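This is what each chain is made of:
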Amino acid sequence: MKLAIDAMGGDHAPKSIVEGAMKVVEAFKDLEITLIGDEKKIKTYLTKQERISIIHTDEVIEATDEPVRAVRRKKNASMVLMANEVKEGRADGCISAGNTGALMTAGLFVVGRIDGIDRPALSPTLPTIDGKGFLMLDVGANVDAKPEHLLQYGIMGSVYVEKVRGITNPRVGLLNIGTEEKKGNELTRQSFELLKSSNLNFIGNVESRDLLEGVADVVVTDGFTGNIALKTIEGTALSVFSMLKTALTSNLTSKLAAAVLKPQLKGIKHQMDYSEYGGAGLFGLKAPVIKAHGSSNANAVYNAIRQTREMVANNVSETIRQTVEVLDNSDAK
C-alpha cells in the first residue's frame, strides 16, 4: 500500500510530518510513504529511509492563500502534487495538515468526487466519555446543505464507522435543537423524514449536549452547524483543562493533590484527545483524503496516516460508491 503525504502542510512541518511517517512505517510493514516537499528540509529529520521516498518541490500552499486560486495556480505545490499522486494511481490515499480549503479543492478537482455524491463532507471522529468516539459530518466542507446531502452524509458515515471502526449497524443521529420529531428548521425536518425512510439505523434527533455521552455513532448536520459544534467542543475541552491546571497549581495543597492525581488526569486528557482518532476524512472522494489538524504533532500525524491506511485496506471509498449506486438504481425504478 502506498500513501502520499504533504510534508510541508501544518504548523510543525516538516518535522512532525517526517517523524510521524517514520513511526508509521515501523509499525506497518505493508506501507510505503511518499513525502512531498522541500527535500533538504525533509532530510533534516528523516533518519530512517526504509519505504519512505521524497518528491521534491519548493512550492507550498500557505494557510493564508485563497484555496481555489492556490490550487489552480500553484500546480507544483506539495499539496497539489500529493493529490496528483492519487489521481495517477501512484498512491492509494493522501494526508495533509495544510490549508483545509485548499485540500478540499484539491480533493474535488484532482482526486475527484464519487458519482452520486453531491457534496463531499469533512468528517472527524470526536471523543466520547466511554472512549468509543463518534463521527460527525459535515464540519465545514459545505456551509449550506440540502436534506439529500445529509442523507448521503449518513450513508458515508455509516460505511466508514462499520468498515474502519468495526461498529455493526451504527446508530445515526441528526443534530438538532431538540429530540422531538418536529423540532428544528426546514432542513432538519425534511432531513428527518429522509433519514427515517432510509435503510440506515436512524435513531432520530440528537442534541449537542449529549454528543460526548456517545448518543450516536454517526452524527449528521450541515457544515455551518457542524463547524460551530466542533469548535465549541474543542474550545470547551481546552478551557476545562486550563481551569483545572490553574486550580491544581494555586497553592501547596492543590499541588500535592495534583501530584497524586497526575496519572488519572493524563488518562482523561488522552481519552479526550481528538488526535488519537486520526484526522478528518473528506468522505465522498474517489480515494481516501485525510485532513490532519494544523497543529498536529508526530503522534497525531501517525494516527492520521494509520486512519488512511485503514480506509484503503477496508475499501471505504469503493463501498460508498457501491452503496450510493444501489440507492440511485432503486430510486430510478
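Thresholds applied
Residues numbered from 1 in each chain as written. Predicted model: local features only at pLDDT ≥ 70, side-chain atom pairs only at ≥ 80, totals over all residues. Heavy atoms only, no water. UniProt positions renumbered as here; feature names shortened; annotations may be inferred. Helix = DSSP H or I, 4+ residues; strand = E, 2+ residues; numbered from the N terminus. Rg over C-alpha atoms; globule rule 2.2 N^0.38 Å. Contact = heavy atoms within 4.5 Å. Areas by Shrake-Rupley, 256 points an atom, 1.4 Å probe, with all protein chains shown as cover. Lys, Arg positive; Asp, Glu negative; His and termini not counted. Charge placed at Lys NZ, Arg CZ, Asp CG, Glu CD. Expected span 1.5 Å × (residues − 1). Buried < 20%, exposed > 50% of the residue type's maximum accessible area, 1.4 Å probe, protein only. Axes fitted to C-alpha atoms, helices over the stretch in contact; angles between N-to-C directions. Left-handed = near helix turned anticlockwise from the far one by under 90°. Nonpolar A, V, L, I, M, F, W, Y, C, P; charged D, E, K, R; others polar. 1 Å grid on protein atoms, 1.4 Å probe; cavity = no way out; pocket = protein on both sides within 12 Å on 5 of 7 lines; lining within 4 Å. Points joined across faces, edges and corners; volume = space filled by probe spheres on them. Pairing = 2+ DSSP bridges. Phe/Tyr/Trp six-rings, centres within 6.5 Å; stacked < 30°, edge-to-face > 60°.

The name recorded for the protein chain in an unreviewed UniProt entry is Phosphate acyltransferase, from Metabacillus herbersteinensis. Its UniProt record gives the protein chain the following Subunit (unreviewed entry) comment, quoted word for word: "Homodimer. Probably interacts with PlsY." Quoted straight from UniProt, the Function (unreviewed entry) entry for the protein chain says "Catalyzes the reversible formation of acyl-phosphate (acyl-PO(4)) from acyl-[acyl-carrier-protein] (acyl-ACP). This enzyme utilizes acyl-ACP as fatty acyl donor, but not acyl-CoA."

Engineer: I'd like a rundown of the overall build of the protein chain, residues and numbers included.
Structural biologist: The helix and strand tally for the protein chain stands at eleven helices and twelve strands. A globule of 333 residues ought to have a C-alpha radius of gyration of about 20 Å, and the protein chain, at 20 Å, matches this closely. Overall, the C-alpha framework of the protein chain stretches about 65 × 60 × 35 Å when taken along its three principal axes. When contacts within the protein chain are restricted to residue pairs at least 6 apart in sequence, those whose partners lie at least 24 apart make up 69%. Of the accessible surface of the protein chain, which amounts to about 16,000 Å², a share of 51% is contributed by carbon and sulfur atoms. Averaging the positions of the 40 positive and the 41 negative side-chain charges in the protein chain gives two centres separated by 4 Å.

Engineer: Give a description of helix α6 (residues 147-164) that names residues and reports values.
Structural biologist: Side chains that are three or four residues apart share a direction in an α-helix, a result of its 3.6 residues per turn. Here α6 spans 26 Å end to end across 18 residues, near enough to the 26 Å set by a 1.5 Å rise per residue. Of all 18 residues that make up α6, 15 are buried, and the element is covered over most of its length. The positive-phi residue at the C-terminal boundary of α6 is G166, with phi of around 70 degrees.

Engineer: How would you summarise the environment of L195 if you had to cite specific residues and measurements?
Structural biologist: Looking at the secondary structure, you find L195 in helix α7 (residues 186-196). Distance from L195 to G154, taken between C-alpha atoms, is 7.9 Å for residues 41 residues apart in sequence.

Engineer: Report on unusual backbone geometry, specifying residues and quantitative values.
Structural biologist: Note the cis peptide between A13 and P14, where omega equals -5 degrees. Relative to the helices and strands, P14 is located in the loop between β1 (2-6) and α1 (15-27). Residue L137 is joined to D138 through a cis peptide bond whose omega torsion reads 10 degrees. Note that D138 resides in the loop between β7 (134-137) and α6. Phi is positive for R51, close to 65 degrees, though the residue is something other than glycine.

Engineer: Describe in detail the packing of helix α4 (residues 78-87) against helix α5 (residues 100-111), supporting the description with residues and values.
Structural biologist: Relative orientation of the contacting elements α4 and α5 amounts to 35 degrees, with a least axis distance of 9 Å. As for the relative orientation of α4 and α5, their crossing is right-handed in sense. Counting all contacts with α4, which are made through M79, M82, A83, N84, V86 and K87, the residues of α5 involved are A102, L103, A106, V110 and V111. Class assignment of the residues belonging to the contact of α4 with α5 gives a composition of nine nonpolar, one polar and one charged.

Engineer: Mind laying out the side chain of H149, listing which residues take part and the relevant values?
Structural biologist: Looking at the secondary structure, you find H149 in helix α6. Here H149 is in contact with D118 and R119, once residues within four sequence places are set aside.

Engineer: Which residues make up empty space enclosed by the protein, and what values go with them?
Structural biologist: For the structure on display, the rule yields one cavity of 30 Å³ or more. Lining of the largest cavity is provided by I114, L282, F283, G284, L285, A287, P288, M311, V316, S317 and I320. The set of elements that each furnish at least two residues to the lining of the largest cavity consists of β11 (280-283) and α11 (316-332). Of all the elements, α11 adds the most residues to the lining of the largest cavity, at three residues. Each residue belonging to the lining of the largest cavity can be placed in one class, and the counts come to nine nonpolar, two polar and no charged.

Engineer: Would you mind going over α4 in detail, with residue names and values included?
Structural biologist: Here α4 lies mainly inside the structure; eight of its ten residues are buried. Residues of α4 that are buried include every one of S78, M79, V80, L81, M82, A83, E85 and V86, and no others. Immediately beyond the C-terminal end of α4, within one or two residues, lies G89, with a positive phi of roughly 80 degrees.

Engineer: Run through the sheet that holds strand β5 (residues 121-123), naming residues and quoting values.
Structural biologist: Strand order in this open sheet of seven strands is β3-β2-β1-β4-β12-β11-β5, and the pairing throughout is mixed. Two strands bound the open sheet, and with one partner strand each, they are β3 (52-56) and β5. Across this sheet, the average inter-strand angle for adjacent strands is 25 degrees, counted without regard to direction. As paired strands, β5 and β11 are joined by three bridges and run antiparallel to one another.

Engineer: So what's going on with the packing of aromatic side chains? Residues and values would help.
Structural biologist: Per the stated rule, a full pass over the model turns up three aromatic pairs. Consider the rings of F28 and Y302, whose centres lie 6.5 Å apart with planes at 20 degrees: the pair is stacked. Taken together, the residues span a long stretch of sequence, with F28 in the loop between α1 and β2 (32-37) and Y302 in helix α10 (residues 298-313) at a distance of 274 residues. The exposure classification of F28 matches that of Y302, with both residues buried. An angle of 75 degrees between the planes, with centres 5.2 Å apart, marks the rings of F192 and F202 as edge-to-face. Placement of the pair is F192 in helix α7 and F202 in strand β9 (residues 201-206), with a sequence separation of ten residues. Here the two residues F192 and F202 agree in accessibility, since each one is buried.

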